[in-house]
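# Breakdown of the fold
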Amino acid sequence: MSETGTGYEIKFCHRDDLPLLLEFMEEHWRARHPLSVSRELMDWQHFNPLTDSYNFVIARHLQSGQVHGMLGFIPTSQFDPEIEQVDIWLAIWKVREDLQGTGVGLGMLRYLENELQPRSVSGFGLSRQVIPVYRHLGFTLGQLN
């Protein structure tokens, strides 16, 4: 768990945080997103039974207790427990619109990297608006055919 100087607790999403994550996803990502309406899909894609938590980093506002940011990820071991080396695929990464530029989003990414120390961090399906962010962070970008 990490606390930023901006009044946020940054941590992995535990089972009891899930309703807050789903509420944030519904209000700030996309209403009726498949992950927010299908617990079966959410559990299959993001629940880690070894840690009893979801593969999301959340930024929880200390004063209100609400989730103000989320960073989903999928470790390659999610689908093959035989894989020992940690490689992660980034999924949904969202901070409330009024908090963009505050460092909360970067804080979630740094927390994920520090906690899991992955060999690689990948993503796909990037929107045009986030490409400059990934470039600034030093990611290698390309296009798949």
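Residues numbered from 1 in each chain as written. Predicted model: local features only at pLDDT ≥ 70, side-chain atom pairs only at ≥ 80, totals over all residues. Heavy atoms only, no water.

### Considerations on helix α4 (residues 104-116)
For α4, with 13 residues, the first-to-last C-alpha span of 18 Å sits near the 18 Å given by 1.5 Å per residue. Within α4 the residues assigned to the buried category are Val104, Gly105, Gly107, Met108, Leu109, Tyr111 and Leu112. Just beyond α4, the residue with positive phi is Gln117, at close to 45°. (Helix = DSSP H or I, 4+ residues; strand = E, 2+ residues; numbered from the N terminus. Expected span 1.5 Å × (residues − 1). Buried < 20%, exposed > 50% of the residue type's maximum accessible area, 1.4 Å probe, protein only.)

### Some details on the side chain of Asn55
Counting through the fold element by element, Asn55 comes out in strand β4 (residues 53-61). Sequence-distant contacts of Asn55, that is, excluding residues within four places in its chain, are made with Gln45, His46, Asn48, Leu71, Gly72, Phe73, Pro75 and Gln78. (Contact = heavy atoms within 4.5 Å.)

### With respect to the pairing of β4
The buried fraction of β4 is high, at 8 of 9 residues. In terms of strand pairing, strand β2 (residues 8-14) meets β4 through 7 bridges, oriented antiparallel. Bridging from a neighbouring strand, Ile10 pairs with Ala59 of β4. The pairing of strand β3 (residues 47-48) with β4 spans 2 bridges and is antiparallel. By the bridge assignment, Asn48 is partnered in β4 with Ser53. Hairpin remark: β3 followed by β4, antiparallel, with 4 residues in the connecting loop; positive phi at Asp52, about 55°. Alignment of β4 against strand β5 (residues 67-75), held across 5 bridges, turns out to be antiparallel. The residue bridging Val57 from the neighbouring strand is Leu71, located in β5. (Pairing = 2+ DSSP bridges.)

### So, the layout of surface pockets
The computed volume of the largest pocket comes to approximately 1,000 Å³. Forming the walls of the largest pocket are 33 residues, and the residues nearest its centre are Trp29, Trp93, Lys94, Val130 and Tyr134. Counting residues per element, the ones that place at least two in the lining of the largest pocket are α1 (18-29), α3 (39-46), β6 (87-95), α4 and α5 (131-136). The biggest single contributor to the lining of the largest pocket is β6, with 6 residues. When its residues are assigned to classes, the lining of the largest pocket shows 17 nonpolar, 14 polar and 2 charged. Approximately 460 Å³ is the volume attributed to the second largest pocket. Lining the second largest pocket are 15 residues; nearest its centre among them are Gly123, Leu126, Leu141, Gly142 and Gln143. Broken down by secondary-structure element, the contributors of at least two residues to the lining of the second largest pocket are β7 (120-122) and α5. Residue classes in the lining of the second largest pocket are distributed as 8 nonpolar, 6 polar and 1 charged. (1 Å grid on protein atoms, 1.4 Å probe; cavity = no way out; pocket = protein on both sides within 12 Å on 5 of 7 lines; lining within 4 Å. Points joined across faces, edges and corners; volume = space filled by probe spheres on them. Nonpolar A, V, L, I, M, F, W, Y, C, P; charged D, E, K, R; others polar.)

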